[in-house]
Amino acid sequence: MIKITLPDGAVREYEKGTSAFDVARSISEGLARKVLAASINGEVWDASRPINEDASLKLLTWDDSDGKSTFWHSSAHLMAEAVEAGFPGVKFWVGPAIDKGFYYDIDMGDKKITEEDLAQLEKKMNELAKQNNNYVRKAMSKAEAIKYFTEKGDEYKLDLLQNLEDGNITFYTQGNFTDLCRGPHIPATGAIKAIKLLSIAGAYWKGDEKNKQLTRIYGVSFPNQKELDEYLMMLEEAKKRDHRKLGKELGIFTFDDEVGQGLALWMPNGTIIIEELENLAKQTEKAAGYKRVVTPHIAKESVYLTSGHLPYYEDSMYPPMEMDGTKYYLKPMNCPHHHKIFAAEQRSYKDLPLRLAEYGTCYRYEQSGELFGLMRVRCLHMNDAHIYCTKEQFADEFRAVNDMYIKYFKIFGIDKYVMRLSLHDPAHLGKKYINEPELWLETEDMVRKVLIESNIPFVEVQNEGAFYGPKIDVQIWSAIGREFTLATNQVDFAQGRSFKLEFTNQQNHPEIPLIIHRAPLGTHERFIGFLLEHYAGKFPLWLAPLQVKILPISDKFMDYANTILQTLKNADIRAEIDDRHEKIGRKIRDTEMAKVPYMLVVGEKEMNENKASVRRQGKGDLGAKDVDEFVNEIITEIKEKKAD
Ligand SMILES: [Zn+2]
Ligand SMILES: [Zn+2]
């Protein structure tokens, strides 16, 4: 008999050679039907694989990310089976699960596969799935495996075999398809109930453009049709909301080859959004006791040696420029500059906490392949601040920072968020992490306590901390459920020491402050990219670049339209007149397309009554209103930063 420890701590006895599947069945048949794989002593296994020793076991279903990736990788095998059936003789490279779905890289030989073939392939996959074939695992010796693929004439799998150790080689077979694979796989193909092949792309073998180009087919699959339908709808919506597409249509930002890759140019409309966000940050930070500072975009090499950026972060920095025999770097972060402001004056405990804030411009050398719209750029404007505090003040300061995040989430209608607390790993102290075992545990504990007390949803991840302390990554989800990493909130007990920062404590002794790095609104680049997709370009009134458009029915009402424009401008409202010689229907349609929140239609009747017919984006006609009354209403809407 062997002992199986379940996640709730319960220990059950089973016969040697039992499988996770058997364990599930001993709990309930319903559960067994849902099992896709199992985590055995932390390693993901086939649910049907015999367990021969005492083990801890967690059953994995569609609700677990490892369950999903096992499902998707198994779907890749199913796709390969369908491709092989339709195109005999093709050769397969690798077919992993990805973030959402799977792909397989295939050498099609002299055959060709096009988007038109995908529907046919899907049909075949569905047919094969219905056969409910088991995924059968078989251990192979290296010699046997080499023989098998030599006979098959498959140079790709032979290449993979080169790097595999004898004794660690397994084949998986389902139906008529056999693949070299370390697994794991789901029990049988029947679980794959809904399949969509999404696209075909070229992919160089091993990612090297000197190698042959293989055909990559992307797909996604689900355990039921409903989830697939929802996913496809989300994809459709995401395409419409793509920040690169909307950013261009709405005149928010642009890129120019001559300026450089990854260097966003903010157009007038984008700049209005930037200024509104900065105003919000300034007001919020002022109320929370922050002080603003301004620092240069470059600094000398020595400061980045002190900060540890040069030894640890050089790959992400722009190369230096040399002046008067000294190297200068574009700043990748604002911290060193702020630390120098802290160090510029004698500090006592009475000066703490000191909170220094700046919308700082940073430069990071992202690989050109990694650049992506506003999400991955080389110049970024960060909602940065550093809080210097004593250990006693830390919990309150950290809590206040978290409260600020939550306050912003409310304003922007971000309902779903999770904080990821990244911790150190004792095994890597002194290398990946500064060698201060006690400080690590102490600060990690302080952070954890604050998160629990503030009732903030969070998960803990080992071995993901920053070099100088634990950090919190904030994941947010847009209105259509797309995930974004917004910003980090970090505790730092190392830089204070390396920069020799000190304050005089109550006992009149020098002490090193703790530092909190925080950036709740992240960078303008990523946050505005997020907002574009979150709002589908329909910004709330307070953020909208153009807030009101006045549409005169004909030239006769231009003077009246101008009077209204003046009234709006006097109230500091961003407004314009559509003075084109177009029919009013056309003007309304174009203003809708430009996603302007309010339209004021003016003609004879409106002019005589000193009114305007109000139309609200997404809501349509709100009827005629007295102009002053309208102005007062929207001033309130702007002030309260209402969502719509
Ligand atoms: Zn596999
Ligand atoms: Zn910092």
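Above this text is the structure in question.
Residues numbered from 1 in each chain as written. Chains lettered and ligands numbered in written order. Predicted model: local features only at pLDDT ≥ 70, side-chain atom pairs only at ≥ 80, totals over all residues. Heavy atoms only, no water.

## A closer look at the coordination of the zinc ion (ligand 1)
- Protein-derived coordination of the zinc ion (ligand 1) comes from His73 (NE2), His77 (NE2), Cys181 (SG) and His185 (NE2), at a distance range of 1.9 to 2.4 Å.
- Of note is the zinc ion (ligand 1), whose four donor atoms meet at the metal with angles of 90 to 134° in an arrangement that counts as tetrahedral.
- All donor residues of the zinc ion (ligand 1) come from one chain, and their arrangement in sequence is H-x3-H-x103-C-x3-H.
- Note on His185: relative accessible area 1%, which makes it buried. (Donors = N, O, S within 2.8 Å, 3.2 Å for Na, K, Ca; no water. Tetrahedral: all angles 85-135°; square planar, octahedral: opposite > 155°, others 65-115°. Buried < 20%, exposed > 50% of the residue type's maximum accessible area, 1.4 Å probe, protein only.)

## Points about the sheet that holds strand β24 (residues 471-477)
- Spatially, the eight strands line up as an open sheet ordered β16-β20-β21-β28-β25-β24-β22-β23, and their pairing is mixed. Looking at strand neighbours, the two that pair on one side only are β16 (291-292) and β23 (458-461), the edges of this open sheet.
- Two strands pair when backbone bridges link them, and strand β22 (residues 417-422) and β24 are joined in this way by six bridges, in the antiparallel orientation. Along β24, the bridge assignment pairs Arg420 with Asp473.
- Helix α12 (residues 335-343) contacts β20 (354-363), β21 (379-389) and β28 (514-518) of the sheet and is inclined by roughly 35° relative to β21.
- Most of the contacts of helix α13 (residues 391-411) go to strand β25 (residues 483-492), to which it runs at about 165°, and overall it touches β20, β21, β22, β24, β25 and β28. (Pairing = 2+ DSSP bridges. Helix = DSSP H or I, 4+ residues; strand = E, 2+ residues; numbered from the N terminus. Contact = heavy atoms within 4.5 Å. Axes fitted to C-alpha atoms, helices over the stretch in contact; angles between N-to-C directions.)

## Thoughts on the nonpolar core
- By size, the foremost hydrophobic cluster in this structure holds 68 residues, and its most contacted members are Leu277, Phe394, Phe412, Ile476, Leu531 and Leu543.
- In terms of residue count, α13 provides more of this core than any other element does, nine residues in total.
- Discounting chain neighbours no more than four positions away, the residues touching Phe412 are Leu277, Leu280, Leu521, Phe527, Leu531, His534, Tyr535, Trp542 and Leu543.
- Formed by 35 residues, the second largest nonpolar core is a distinct cluster that contains Ala82, Met108, Ile195 and Leu228. (Core = buried A, V, L, I, M, F, W, Y, C linked by side-chain atoms within 4.5 Å.)

## Describing unusual backbone geometry
- A cis amide bond links Gly183 with the next residue in sequence, Pro184, at an omega value of -5°.
- By secondary structure assignment, the location of Pro184 is in the loop between β11 (177-180) and β12 (194-204).
- Following Leu352, the chain continues into Pro353 via a peptide bond in cis, with omega recorded as -5°.
- Looking at where Pro353 falls in the secondary structure, it is placed in the loop between α12 and β20.
- Within the chain, Asn41 stands out as a residue other than glycine whose phi angle is a positive 50°.
- Among the structural elements, Asn41 can be located in the loop between β3 (37-40) and β4 (43-45).

## Focus on helix α20 (residues 627-639)
- Look at α20: 18 Å from first C-alpha to last across 13 residues, which is about the 18 Å you get at 1.5 Å a residue.
- If you check which residues of α20 are buried, you get Val627, Phe630, Val631, Ile634 and Glu637. The buried residues of α20 occupy an angular sector of 125° when the element is viewed end-on, so they sit on one face. For α20, exposure combined with an orientation more than 90 degrees from the buried face picks out Asn632 and Lys639.
- Where α20 is buried, its residues touch β29 (548-552), α17 (558-570), β31 (598-602), β32 (611-616) and β33 (620-626).
- The N-cap of α20, judged by a side-chain oxygen 3.3 Å from the amide nitrogen of Asp628 a few residues on, is Asp626. (Expected span 1.5 Å × (residues − 1). Arc of directions from axis to C-beta. Polar contact = N/O pair within 3.5 Å; in protein donor to acceptor, adjacent residues only side chain to side chain.)

## Describing the pairing of β24
- Across the seven residues of β24, seven count as buried, placing the element largely inside the fold.
- Of the two faces of β24, both are covered, the one formed by Lys471, Asp473, Gln475 and Trp477 as well as the one formed by Ile472, Val474 and Ile476.
- With seven bridges connecting them, β24 and β25 associate as antiparallel partners. By the bridge assignment, Trp477 is partnered in β25 with Glu483.
- Once β24 ends, the chain turns through five residues before running back antiparallel as β25, passing Gly481 with a positive phi of about 85°.

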